[in-house]
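Chain residues, written in single-letter form:
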Amino acid sequence: MTVEATPGDVRPITVIAGDGIGPEVVRAAMRVVEASGARVCWEECEAGARVFQKGLATGVPPETIESIRRTRVVLKGPLETPVGYGEKSANVTLRKLFETYGNIRPARELPGVVTPFHGRGVDLVVIRENVEDLYAGIEHLQTPGVAQCLKLMSQVGCEKIVRLAFEFARADGRRSVHCATKANIMKLTEGLLQRTFERIAPEYPDITAKHILIDNCAHQLVRHPEQFEVIVTSNMNGDILSDLTSGLIGGLGLAPSANIGNEVAMFEAVHGSAPDIAGRNVANPTAMILSAVLMLRHIGAFDAAARIKRAVLLTLEQGVHTADIAAPGHRAVSTTEFADAVIGNLGKESPNWHMREWRPLRLPDASSLRQPALPTHRRVIGADVFVEWRGTAEALGGQLEALVEGTPLRLKMVSNRGTRVYPPTGALTDCVDHWRCRFVLRSVEGTLEDALLLSLLQRLSAQLRWMHVEKLQEFDGEPAFTRAQGED
Ligand code: NAP
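Residues numbered from 1 in each chain as written. Predicted model: local features only at pLDDT ≥ 70, side-chain atom pairs only at ≥ 80, totals over all residues. Heavy atoms only, no water.

Scanning the protein for helices and strands turns up 13 helices and 19 strands. Dimensions of the protein, computed from the C-alpha atoms along their principal axes, are close to 85 × 50 × 50 Å. Within the protein, buried positions represent 52% of all 488 residues. For the protein, the accessible surface area stands at approximately 22,100 Å², while carbon and sulfur atoms represent 53% of it. (Helix = DSSP H or I, 4+ residues; strand = E, 2+ residues; numbered from the N terminus. Buried < 20%, exposed > 50% of the residue type's maximum accessible area, 1.4 Å probe, protein only. Areas by Shrake-Rupley, 256 points an atom, 1.4 Å probe, with all protein chains shown as cover.)

A few words on the site of the ligand. In the vicinity of the ligand lie 20 residues, with Leu79, Gly272, Ala274, Asp276 and Asn284 positioned nearest. One nitrogen or oxygen atom from the main chain of alanine 274 is found 2.7 Å from an oxygen atom belonging to the ligand. In isolation the ligand exposes 880 Å². Once the protein is present, 61% of that is buried. A class-by-class count of the residues in the shell around the ligand yields 9 nonpolar, 6 polar and 5 charged. (Near = heavy atom within 4 Å. Polar contact = N/O pair within 3.5 Å; in protein donor to acceptor, adjacent residues only side chain to side chain. Nonpolar A, V, L, I, M, F, W, Y, C, P; charged D, E, K, R; others polar.)

Looking now at the sheet that holds strand β18 (residues 465-475). Taken in spatial order, the 6 strands make up an open sheet running β16-β15-β17-β14-β18-β19, and their pairing is antiparallel. Two strands bound the open sheet, and with one partner strand each, they are β16 (419-422) and β19 (478-479). Relative to β16, strand β15 (residues 409-416) runs antiparallel, the two sharing 3 bridges. Note on β16: the bridge partner recorded for asparagine 416 is threonine 419. Those strands touched by helix α12 (residues 393-404) are β14 (378-388), β15, β16 and β17 (434-441), and its axis lies near 160° from that of β15. Helix α13 (residues 450-461) rests against β14, β15, β17 and β18 of the sheet, and its axis sits at about 155° to β18. (Pairing = 2+ DSSP bridges. Contact = heavy atoms within 4.5 Å. Axes fitted to C-alpha atoms, helices over the stretch in contact; angles between N-to-C directions.)

Here the focus is a nonpolar patch on the surface. A surface patch of nonpolar side chains, amounting to about 210 Å² of accessible area, comprises Ile138, Leu150 and Leu152. Following the sequence through the fold, leucine 150 ends up in the loop between β8 (146-149) and α5 (155-171). (Patch = residues over 30% accessible without salt bridge, like charges linked within 9 Å, V, L, I, M, F, W, Y side chains within 5 Å. Salt bridge = Lys/Arg side-chain N within 4 Å of Asp/Glu carboxyl O.)

With the exception of glycine, the majority of residues adopt a negative phi angle, and the majority of peptide bonds are in the trans configuration. For the bond running from tyrosine 422 to proline 423, omega is -10°, close enough to zero to count as cis. Here proline 423 shows up in the loop between β16 and β17. Here glutamate 99, not a glycine, exhibits a phi torsion of approximately 45°, which is positive. In this structure, glutamate 99 sits in the loop between α4 (90-97) and β5 (102-108). One non-glycine residue, alanine 274, lies in positive phi territory at about 35°. Residue placement: alanine 274 occurs in the loop between β13 (265-269) and α9 (286-298).

The tally for this structure, following the rule as stated, stands at 36 salt bridges. Note that arginine 379 is salt-bridged to glutamate 474, the shortest N-O span being 3.9 Å. Of this pair, arginine 379 sits in strand β14 while glutamate 474 is found in strand β18, placing the two residues 95 residues apart along the sequence. Glutamate 474 matches arginine 379 in its accessibility class, with the two residues each being buried. In this structure, aspartate 450 engages lysine 471 in a salt bridge whose closest nitrogen and oxygen atoms are separated by 2.8 Å. Within this pair, whereas aspartate 450 is found in helix α13, its partner lysine 471 is found in strand β18, the two being separated by 21 residues in sequence. Taking the relative accessible area as the measure of exposure, aspartate 450 reaches 42% and is therefore partly exposed. For lysine 471, a relative accessible area of 36% corresponds to the partly exposed category. One network of salt bridges, with partners in common, ties together Asp384, Lys412, Arg436, Arg438 and Glu487.

Structure, rendered in structure tokens:
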């Protein structure tokens, strides 16, 4: 790790060159930042493939963590997760370690970059929740034939990302925010994001707030991308949608991003390590340079950020293009030539392209986030027990009915991959070896005590292999679970 002297108010930045094309594009961005006059110095640290190869399973060494704790700002190249060394992605480790919960991915039409959407005025930002949802990485192979990934979304997590989206919209002079969810299907998880968005929107009367289903959002982005300004969404939806929006403006080589947390912010290109073009000095450094622009804004170096942004726009408009965006028959420049051209254009500006005015981003105050209200009354009305079974639904249902006969519990239904199959509904469900057996109290009063649940499991385990139990709770009379398809 290199730590340079920091005279006066020079801002130290942790730099991670990363893997594949990372060192080439990060070096280009560092050269441009240095030439812009920004008062920064670099602490160069390692993470990613080489760290995994040294045998560190997280891919992030303690010196790097220490540097980030100190500087709080990271300029980061792409990191690979090599198969066979570490199980977890070093990227995800970094995001989780520093709770960088908000991923900001702007996609704006760029001068001189011809795409099918050129001239439509695409200028939008995807704000993606960055630490929860399916990417919490909690997975189990529950039976030999069925895998599960937990989709965890919290009220506080939803509130943070929604507030960040509205605050970003204000800082960036935007007038509308769309919240894209799949709340029609996942009513409790994606629905939480929609409900949180609708609760908080009135606090921002200057901004138009609209909910949109994620599938329609993807469709609308291709049909009329110009209608969107800011889109806030959950982790996986945002991952996919923001690669789509990068495609609208010319590809991954052009798309920057910021990972924002209350304490630490990390700035990186959306693209990965592109091993196919690594080490050849051909990668497009635009995404990385524009990520450095976001970083400079974040630390308040607005003048340097604006100088670099204007120089990048002018360079692209002049037709100085790397191979990924060069028009057929035009000479493509190298990574270093592109950076040289941007440096040569610092202080110049195209009359055709204007930058939006930027105000400092006010981060949501973590201490004022609404904690979930505790229910006055809780009741456990039953339990879902998940079992492995290779027979028919009728045989399993019959066996379970006999098991609970004469007890305070009854079998309400059995479902297979979310569809009720017992008692039969007539649905033509292809059943796999993973069954959910829903037991409920016969009485409409009282609560299912643990002792009763444990005795059910004990009796059940004598006949069947169970691997998972979920209590069916009611909070203040409201069910805290969903019904199966076909369940009454
Ligand atoms: P990728 O590295 O983004 O590359 C996909 C393709 O996009 C490349 O083969 C290249 O296409 C093109 N490309 C990407 N960046 C470019 C640039 N700056 N200039 C020119 N062309 C560029 O995606 P991947 O191949 O799926 O992932 C490779 C590795 O990166 C994986 O290990 C993945 O886990 C990792 N990754 C890391 C991050 C991160 O650190 N944030 C993000 C994504 C992926 P051509 O074939 O046209 O040259």
